[in-house]
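A closer look at the structure
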Amino acid sequence: MRRRRAAVAAGFCASFLLGSVLNVLFAPGSEPPRPGQSPGPSPAPSPGRRGGRGELARQIRARYEEVQRYSRGGPAPGAGRPERRRLMDLAPGGPGLQRPRPPGTRPLPDGAPGWPPAPGPGSPGPGPRLGCAALRNVSGAQYVGSGYTKAVYRVRLPGGAAVALKAVDFSGHDLGSCVREFGARRGCYRLAAHKLLKEMVLLERLRHPNVLQLYGYCYQDSEDIPDTLTTITELGAPVEMIQLLQTSWEDRFRFVLVDGELKVTDLDDARVEETPCASNANCVLEFPARNFTLPCSPQGWCEGMNEKRNLYNAYRFFFTYLLPHSAPPSLRPLLDSIVNATGELTWGVDETLAQLEKVLHLYRSGQYLQNSTAGSSAEYQRLPDSTIPQEDYRCWPSYHHGSCLLSVFNLAEAVDVCESHAQCRAFVVTNQTTWTGRQLVFFKTGWSHVVPDLNKTTYVRASG
C-alpha cells in the first residue's frame, strides 16, 4: 500500500507540478500588482444571465458540500481544523492584520451556505501553528505568479523564514468569469474561495513528504469583501524541465520513482471521487493530442478515470522526457515499454510501479551490465590513497559541471567508461555513493600530478 501511494503521489506530482507550473503565493488582503487595473464595484446582475443568483448559490453549495466530504472521516494524524472561521487571532484585541470581529458567518442569498464555513461534526483536531498574527510584519513580498483561481506571493516572516501565501486572485479567470456571468462579486469570491478551502483541507489530511506542507491560514477583510482567506504554506520552486534533463539519468529516475523532493503544490482542482456516468460516452478523457474512452461501471462511475488521467499526465509531462533520455542502453527496451504502455493507458498504477521497480532492481544490482559490459583489454595501475586534483574534462551528464563525475556499479564499468571516452587516461574512485549505492568516479585526461588522499583510489592506464 505504501508503494502504491508513492506511485500515485508521483502521478500527482507529474500532472500538477507541470500542469499548473506554479501556484504558490498571494499577500494577505491584497491583490497582485496589475498596473492600471481596479476591481471596481460589482456590476448589477443582468436578466439574461444563466440561472441568476440561484444558480450561483447552487454552485457555492456544491463546493461547500465537497469541502465537507473531504473534511469528514475522522482526524488524520496531526490534522488541523481548517474550516474553522479564524484560527489564532479571534480573541478581543488580538494581534491580527485586521481588527478581529466576533465569530460568525454571513449568509448568502438563495440558500447558499454562510461564509466562512462553521466547523462540522467531522472536523479535524487542533489547527496549524500560524495565523494572522504571523503575517503582521512580513517583509520582502514578491509576486510569483497566478493561475485560474489563485495568486501567489513569497514573503519573509519576522523570524526570517520564507513562506508562500496563497489567496483568490481578484483579477483571475475564475473570479472574473463568475462576476461577468452573475454580477455578484461577493458570491463569486465565495465560489472561488471554496476551492482554496478544499486545497487547505487536503493539505491538512495528506501529510506526505511529496505534498506541500500547510503552515496555517488567516481570515481577514479585503476592500468590499469580508473574510478573505489566505493560506500559509511551505515555499517551493518551480520544476524546470531543462534543469531535469541536464541531470544524470540516475537522478532523473529518482524523481520519477522515489521522492526526489518533488512536491504537489496545487490541490484545489484535485478530487478523489470518480466521475458519475450513465454510459461510456460520459467517460471520455480529453487531452490535447488524443482522447480515451473508459468504461462506465454498473454502479454509475467512470472506472479508474482519476488514475488514468494522472498516469497519462505523468507520461506526457515526465516519462517521455525523463525515462529514456541517456539511459543505459540495456535498459532502454524496458523503459520504452513503460513509456508506450502509459501513453496508451494499457497499464494501471500497480503495473507501472512494478515495471519501474524492475528497472531500479536491474540498475541497482548491476544486472543490466551482464550483456553490455565487455571485458576491456586495457590495463590500469592501482594507486591507493591518492587522487588527481586537476586534469579534468567535461562530460555529459555529469554530477559536477566542471569535470566528468559519473556513477559506476563496479571497477569493470569504470574501466569501460574510461575506454569509451577518447580523452580519458585515468580515473579516481571516491568513497561517495549515489542514492542507489553506486560509486562516484572522476575521469581524468592524465596523471601528471598525483597527490595523497586517504579517501580516494586512483587508476591510471598502463603505458604500452
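Our subject in this report is the structure included herewith. (Residues numbered from 1 in each chain as written. Predicted model: local features only at pLDDT ≥ 70, side-chain atom pairs only at ≥ 80, totals over all residues. Heavy atoms only, no water.)

1. Quick notes on the overall build of the protein chain
Here is the rule we go by: A run of H or I in DSSP counts as a helix once it spans at least four residues, and a run of E counts as a strand once it spans at least two, with each numbered from the N terminus. Under the scheme applied here, a residue whose accessible area is under 20% of the maximum for its type counts as buried, over 50% as exposed, and between as partly exposed, the area being computed with a 1.4 Å probe on protein chains only. Working rule for contacts: check all heavy atoms of both residues, and any pair within 4.5 Å makes them a contact. Accessibility throughout is a Shrake-Rupley quantity obtained with a 1.4 Å probe, and a residue counts as covered only by protein chains that appear here.
Of the regular secondary structure elements, the protein chain holds ten helices and twelve strands. Here the protein chain, with 464 residues, has 48% of them falling under the buried criterion. Residue pairs in contact within the protein chain that sit at least 24 positions apart in sequence constitute 71% of those at least 6 positions apart. Summed over its atoms, the accessible surface of the protein chain is roughly 22000 Å², and 51% of this surface lies on carbon and sulfur atoms.

2. Details of the environment of A57
Structurally, the position occupied by A57 is in helix α2 (residues 52-71). As for A57 and C188, which are separated by 131 residues in sequence, their C-alpha atoms are 9.4 Å apart.

3. Overview of the state of the cysteines
Stated precisely, the cut-off is as follows: Defined by distance alone, a disulfide is two cysteine sulfur atoms within 2.5 Å.
Summed over all chains, the structure comprises six disulfides. Through a disulfide, C178 is tied to C188; the S-S separation comes to 2.0 Å. In this structure, the disulfide formed by C178 and C188 twists by about -80° around the S-S bond and is classed as left-handed. You can see C178 sitting in helix α3 (residues 173-182) and its partner C188 sitting in helix α4 (residues 185-205), a full ten residues away along the chain.

4. Section: the pattern of salt bridges
For clarity, the threshold we go by: The working definition used for a salt bridge is a side-chain nitrogen of Lys or Arg within 4 Å of a carboxyl oxygen of Asp or Glu.
Enumeration according to the criterion identifies eleven salt bridges in this entry. Across the pair E250 and R438 runs a salt bridge, and its minimum N-O distance is 3.7 Å. Here E250 is found in helix α6 (residues 249-257), whereas its partner R438 is found in the loop between β10 (426-433) and β11 (439-444), with 188 residues between them in sequence. We note that E250, like R438, is buried. A salt bridge links R461 to E419; the shortest N-O distance between them is 2.9 Å. Of this pair, R461 sits in strand β12 (residues 451-461) while E419 is found in helix α10 (residues 411-420), placing the two residues 42 residues apart along the sequence.

5. Digging into the sheet that holds strand β4 (residues 214-222)
Our working definition: Strands were regarded as paired on the criterion that DSSP finds at least two bridges between them. A fitted line through C-alpha atoms represents every axis, and for helices the fit uses only the stretch in contact; the resulting angles, taken between N-to-C directions, go from 0 to 180 degrees.
With antiparallel pairing, five strands are arranged side by side in an open sheet as β1-β2-β3-β5-β4. Here the strands that pair on one side only, and so sit at the sheet edges, are β1 (139-146) and β4. Neighbour to neighbour, the strand axes of the sheet diverge by 25° on average, direction disregarded. Judged from the seven bridges that link them, β4 and strand β5 (residues 225-233) form a sheet pairing that is antiparallel. Note on β5: the bridge partner recorded for Y219 is L229. Against the sheet, α4 touches β2 (150-156), β3 (162-168), β4 and β5, its axis set at about 25° to β5.

6. Digging into the nonpolar core
This is how the line gets drawn: Take the buried Ala, Val, Leu, Ile, Met, Phe, Trp, Tyr and Cys residues and link them wherever side-chain atoms come within 4.5 Å; each set so joined is a nonpolar core.
Grouped together as the largest cluster of nonpolar side chains are 29 residues, with contacts concentrated most on L56, L175, C188, Y189 and L229. Those elements that provide at least two residues to this core are α2, α3, α4, β4 and β5. The dominant element in this core, judged by the number of residues it contributes, is α4, at eleven residues. In this view, L175 contacts V168, D169, F170, R185, C188 and Y189; residues no more than four positions away in its chain are not counted. Counting residues in hydrophobic clusters, the runner-up holds 25 residues, among them M241, L322, L323 and L362.

7. Let's talk about the sheet that holds strand β8 (residues 380-387)
Read across the sheet, five strands follow the order β8-β12-β10-β11-β9 without closing on themselves; strand pairing throughout is antiparallel. Sheet topology places β8 and β9 (404-408) at the edges, where each strand pairs with a single neighbour. Direction aside, the axes of adjacent strands within the sheet are offset by 30° on average. Relative to β11, β9 runs antiparallel, the two sharing five bridges. Bridge assignment links L405 to a residue of β11, and that residue is F442. Where α10 meets the sheet, it contacts β8, β9, β10, β11 and β12, and its direction lies at approximately 135° from that of β10.

8. Overview of the pairing of β2
The element β2 is extensively covered by neighbouring structure, given that five of its seven residues are classed as buried. The sheet contact formed by β1 and β2 spans five bridges and is antiparallel. Within the sheet, the bridge partner assigned to Q142 lies in β2 and is R154. One ladder, built from seven bridges, connects β2 with β3; its direction is antiparallel. Paired with Y153 across the strands is L165, a residue of β3. Joining the antiparallel neighbours β2 and β3 is a turn of five residues, in which G160 adopts a positive phi near 105°.

9. Topic: the pairing of β10
Regular strands show a simple pattern: their side chains alternate between the two faces of the sheet. Bridge analysis of β10 against β11 gives five bridges, and the strand direction is antiparallel. Bridge assignment links T433 to a residue of β11, and that residue is Q439. The hairpin formed by β10 and β11 contains five residues between the paired strands, and G437 there has a positive phi angle of roughly 90°. Of the pairings in the sheet, the one linking β10 to β12 comprises four bridges and is antiparallel in character. By the bridge assignment for β12, A426 is matched with V460.

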